[in-house]
Amino acid sequence: MVSPPLANEREMRPDQDPEEVSSRNKCCRTVDKPRDPDRTRDLFGLQLEVTSLLLEAERRKLSVLQRELQAALAEGGSIKAKEQQKHELILAISRIQGQHEQLEKEYRQHAIGVLRCSNTRGSGKSNRSQPAIGLKQTPKARPTIFGTVASDQTPKDGSSRRSLPQTPQSAKSFSTLINGPIGDAAASESGGSLDSVHDIQPSDENALVYKDGNLVSGSLDALLQHMVPTSEYFPDRAYLFAFLLSARLFIKPHELLGQVCQRCHIHKPESITAPAQFVRHIVQLLAEWTETFPYDFRDERVMAHVRELTQQCVALEPTVRREVSQLLQNLLHRLTALEQYEEFLQRINSETATPNIESLNVADITELCPSAEKLAQQLTHIELERLSFIGPEEFVQAFAKENTKLDTTSFRDLKKTRNLESYVQWFNRLSYFVATEVCKHVKKKARVRAVEYWVEVARECFNIGNFNSLMGIIAGLNMSPVSRLKKTWAKVSSGKFAILEHQMDPSSNFSSYRSTLKAAMWRSAGATDERQRIVIPFFSLLVKDLYFLNEGCASKMPGGNVNFEKCWQLAKQVTEFIAWKQVACPFAKDSKVTNFLQSTTVLSDEKALAIASFECEPPENSFEKERYKNLKAEINASTSSTT
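Remember, it's a predicted structure, so these values are computed and weren't measured experimentally.

Novice: Would you take a moment to explain the overall build of the chain for this structure?
Specialist: Per the secondary structure count, the chain includes 27 helices and eight strands. For the chain, the proportion of its 643 residues judged to be buried stands at 54%. Restricting to contacts in the chain with at least 6 residues of sequence separation, those with at least 24 account for 77%. Counting only carbon and sulfur atoms, one obtains 52% of the accessible surface of the chain, whose full area is about 28400 Å².

What follows is the structure, given as structure tokens:
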């Protein structure tokens, strides 16, 4: 497995020399040591790419909502229901449009920073005190995921020190910070120097560590403080996404939201400057959390905090009542859809397995859907629908379940990866379905026709960009009960299948597939046709990449700080997935075909498949003869015991 481009633990360790960390600036330490400039540019690019992928996901979500609005306007039905649906969609479009514009602004700022930072390094002059977004002469402090933009203050030792905007831990310091290092007005009054307003000196445990202007580590408490908004500060969405995604490795979502509630101190309005704006920022934080990670809110412990926080927000600022109502309504709609989907999965999973070939459905997929192109399109419908219900947090939640330091024994925690696991099971089902469709035919001619049909379906999946179904079909055709059918394969034109196998060759860590996936991503990024936007990755490999990224890089530094470079890497991988699933399937759906693919019985047991294969083509060697004999004996024994 290719290791992720992260520094090792020793390279990322914060410098602990007290002479290099001034006492007035403990909340942000910047270690200034000789570093690989290419690695720094990689980190700039990684953070920028997270923002870019979130932006692309919002674009796609907006496009899907606009099409739904057009469809709602074109459909018939009661005027009242139609107007309600139209109203909800317009509100959703307005919300996503606002998020899109904010992300676009962040992206432009970060892109300028990358360019200017690159030019600065090329000049040979040290400018380590310059923040990443590159506004050199700006006297005002502006918090970003790369640090605080402030005037140059380079100590004689050449190291760079900048103050980090922190959400305070007590109500006493709340107004101080709002009017202190975060506030533009305070920075202007102090002539651009943050030192004169830096009255708060957090302990070293609350430090965030920056290297070359990049947030690379920090204590969990400091990262949490950086997430909580104030009247004049709201965290960048890229940072917010990365932190909310990875924080579950260290703290449960209900505990995290509980900590947010404590730090907000919204029950003490007398300590808050500009309460209306502060309340709007709190509601915005909840809206983005529920929008991006809605499954966190299936936990009643999380919802208890939500109810408490929203009630206090409305009491302090009644004008946000409508936003809060819309937030909760959208969350309810998403969780209701999830429950219905999980009930559907439970129903079909209990009906589809069969132990022997006599129990198989006599219907054939080639009769129900003669066109290989159409079947590939119906497979794409199933893939996109199942992808849409996988929460981005499920990837990291799977790692958190293995964390012995977190109590994840309750059902509320364990069920959080159900949709991810169901999608992996769908891949396995498709492979067994393909093998069953071949081995259930006693006549060689029918088997040849079935194999050629599935090869053609796989080719159409490749053209669409549906790599998960493609690999599922290849896996099914390569199962030993199918691959051993030499007389059948002798009649099959194997040229097309060989090309597809080469594309999905696992050698060199799936290098051929990864190159093809990259080309599909480029096609998708610039596509105006919805058909060319589809990218459905080989899901098991995506999960494997995330697993090795998690295992190959420590979640915490030797000193106990959270390794935020790892958080950026996880965020980058998962935001790619979010962009991929924000696609409406452009093909007409045939419910008969999709239901058949998901609910018809299959030979899900390898022994049953092996017997079906031997009945198609008898054993050819002593090993196969012995195996066939043993399998028949097992079946006869099980049959006699049941009778």
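Here the narrative resumes.
Novice: Please clarify how helix H23 (residues 539-552) should be interpreted in this entry.
Specialist: Working note: α-helix, 3.6 residues per turn, so residues spaced by three or four point in the same direction. With 14 residues, H23 extends 20 Å from end C-alpha to end C-alpha; this agrees with the ideal 20 Å at 1.5 Å per step. Taken as a whole, H23 has its buried residues at Phe-539, Leu-541, Leu-542, Asp-545, Leu-546, Leu-549 and Asn-550.

Novice: What's the story with the nonpolar core in this structure? I'm lost.
Specialist: Across soluble globular proteins, nonpolar side chains show a tendency to be buried alongside one another. Counting 139 residues, the largest nonpolar core has Trp-454, Val-457 and Leu-477 as its most contacted members. With eleven residues, the single largest contributor to this core is helix H16 (residues 418-439).

Novice: Help me out: how do you make sense of helix H17 (residues 444-464) in this one?
Specialist: In a regular helix each residue adds 1.5 Å, so 21 residues correspond to 30 Å; H17 covers 30 Å between its end C-alpha atoms and thus fits that length. With its phi angle positive at about 105°, Gly-465 sits one or two positions after the end of H17.

Novice: Would you take a moment to explain the confidence of the model for the chain for this structure?
Specialist: Averaged over every residue, the pLDDT of the chain is 74; the share at 70 or more is 64%. A low-confidence stretch, residues 121-203 (pLDDT under 50), is modelled with 195 contacts involving residues beyond four sequence positions or located in other chains. For residues 408-412, every residue scores under 50 in pLDDT, and the model assigns this stretch ten contacts once sequence neighbours within four places are set aside.

Novice: I tried to follow the side chain of Thr-594 on my own but got confused; where do I start?
Specialist: Summarising the element assignment, Thr-594 is placed in helix H25 (residues 591-599). Apart from the residues within four sequence positions on either side, Thr-594 is in contact with Gln-378, His-381, Ile-382 and Lys-589.

Novice: Is there a simple way to explain the packing of aromatic side chains in this structure?
Specialist: Aromatic ring pairs: the centre-centre distance and the angle between the two ring planes describe each pair. In total, this model carries 21 aromatic pairs according to the counting rule given. For the ring pair Phe-395 and Phe-539, a centre distance of 5.8 Å and an interplane angle of 50° mean the geometry is tilted. One end of the pair, Phe-395, is in helix H14 (residues 393-400); the other, Phe-539, is in helix H23, with 144 residues separating them in the sequence. For the pair Phe-427 and Phe-538, a centre-to-centre distance of 5.7 Å together with 40° between the ring planes defines the contact as tilted. Taken together, the residues span a long stretch of sequence, with Phe-427 in helix H16 and Phe-538 in the loop between helix H22 (507-525) and H23 at a distance of 111 residues. Take Phe-427 and Phe-538: they sit in the same class, and that class is buried. Among the aromatic side chains, those forming a connected cluster through ring pairs are Phe-427, Phe-462, Phe-467, Phe-510, Tyr-513 and Phe-538.

Novice: Please clarify how the environment of Arg-301 should be interpreted in this entry.
Specialist: Following the sequence through the fold, Arg-301 ends up in helix H10 (residues 300-316). Separated by 44 residues in sequence, Arg-301 and Leu-257 have C-alpha atoms that sit 9.5 Å apart.

Novice: I would appreciate a short explanation of the side chain of Gln-573 in the present structure.
Specialist: Position of Gln-573 among the secondary structure elements: in helix H24 (residues 564-581). Apart from residues lying up to four places away in sequence, Gln-573 is in contact with Leu-542, Asp-545, Leu-546 and Leu-549.

Novice: It is not clear to me how the packing of H16 against helix H26 (residues 606-616) should be interpreted in this structure. Could you clarify?
Specialist: Two quantities define a packed helix pair, namely the angle between the axes and the distance from one axis to the other. Orientation of H16 relative to H26, taken along the N-to-C sense of each, is 25°, at an axis distance of 9 Å. As judged from the angle between their axes, H16 and H26 are roughly parallel. For the element pair H16 and H26, the recorded crossing hand is left-handed. Every residue of H26 that contacts H16 at Tyr-432, Ala-435, Thr-436 and Cys-439 is listed here: Glu-606, Leu-609, Ala-612, Ser-613 and Cys-616. Among the residues forming the contact of H16 with H26, the class breakdown is six nonpolar, two polar and one charged.

Novice: What am I meant to see in the packing of helix H11 (residues 321-349) against H16 here?
Specialist: Running from N to C, H11 and H16 cross one another at 40°; their axes reach a closest spacing of 12 Å. Here H11 lies oblique to H16, going by the angle between them. Of the two elements, H11 crosses H16, and the hand of that crossing is left-handed. Along its contact with H11, which presents Leu-338, Tyr-341, Glu-342, Leu-345 and Asn-349, the element H16 presents Arg-418, Asn-419, Ser-422 and Gln-425. A class-by-class count of the residues in the contact of H11 with H16 yields three nonpolar, four polar and two charged.

Novice: Please clarify how unusual backbone geometry should be interpreted in this entry.
Specialist: The general pattern is negative phi for most residues beyond glycine and trans for most peptide bonds. Although it is not a glycine, Ser-508 adopts a positive phi angle of roughly 55°. With a phi close to 55°, Phe-510 is a non-glycine residue in the positive phi region. Judged by its relative accessible area of 12%, Phe-510 is buried.

Novice: Sorry if this is basic, but what is going on with the pattern of salt bridges here?
Specialist: Opposite charge on two side chains permits pairing when their charged atoms draw close. Per the counting criterion, the structure on display carries 20 salt bridges. In this structure, Lys-440 engages Glu-437 in a salt bridge whose closest nitrogen and oxygen atoms are separated by 3.1 Å. With relative accessibility at 18%, the residue Lys-440 sits in the buried group. For Glu-437, a relative accessible area of 5% puts it in the buried group. Three or more residues joined by partner-sharing salt bridges are found here, namely Glu-456, Arg-459, Glu-460 and Lys-496.

Novice: Would you mind showing me how to read the pairing of strand S5 (residues 214-218) here?
Specialist: Looking down a regular strand, the side chains alternate between one sheet face and the other. In terms of residue burial, S5 counts as a mostly covered element, since five of its five residues are buried. Across four bridges, the pairing between strand S4 (residues 208-211) and S5 is antiparallel. Counterpart to Tyr-210 in the pairing with S5 is Leu-215. By the bridge criterion, two bridges tie S5 to strand S7 (residues 562-563) in an arrangement that is antiparallel. Bridged to Ser-217 within S7 is Asn-563.

What counts as what
- Residues numbered from 1 in each chain as written.
- Predicted model: local features only at pLDDT ≥ 70, side-chain atom pairs only at ≥ 80, totals over all residues.
- Heavy atoms only, no water.
- Helix = DSSP H or I, 4+ residues; strand = E, 2+ residues; numbered from the N terminus.
- Buried < 20%, exposed > 50% of the residue type's maximum accessible area, 1.4 Å probe, protein only.
- Contact = heavy atoms within 4.5 Å.
- Areas by Shrake-Rupley, 256 points an atom, 1.4 Å probe, with all protein chains shown as cover.
- Expected span 1.5 Å × (residues − 1).
- Core = buried A, V, L, I, M, F, W, Y, C linked by side-chain atoms within 4.5 Å.
- pLDDT = per-residue confidence, 0-100.
- Phe/Tyr/Trp six-rings, centres within 6.5 Å; stacked < 30°, edge-to-face > 60°.
- Axes fitted to C-alpha atoms, helices over the stretch in contact; angles between N-to-C directions.
- Parallel < 35°, antiparallel > 145°, perpendicular 65-115°, else oblique.
- Left-handed = near helix turned anticlockwise from the far one by under 90°.
- Nonpolar A, V, L, I, M, F, W, Y, C, P; charged D, E, K, R; others polar.
- Salt bridge = Lys/Arg side-chain N within 4 Å of Asp/Glu carboxyl O.
- Pairing = 2+ DSSP bridges.

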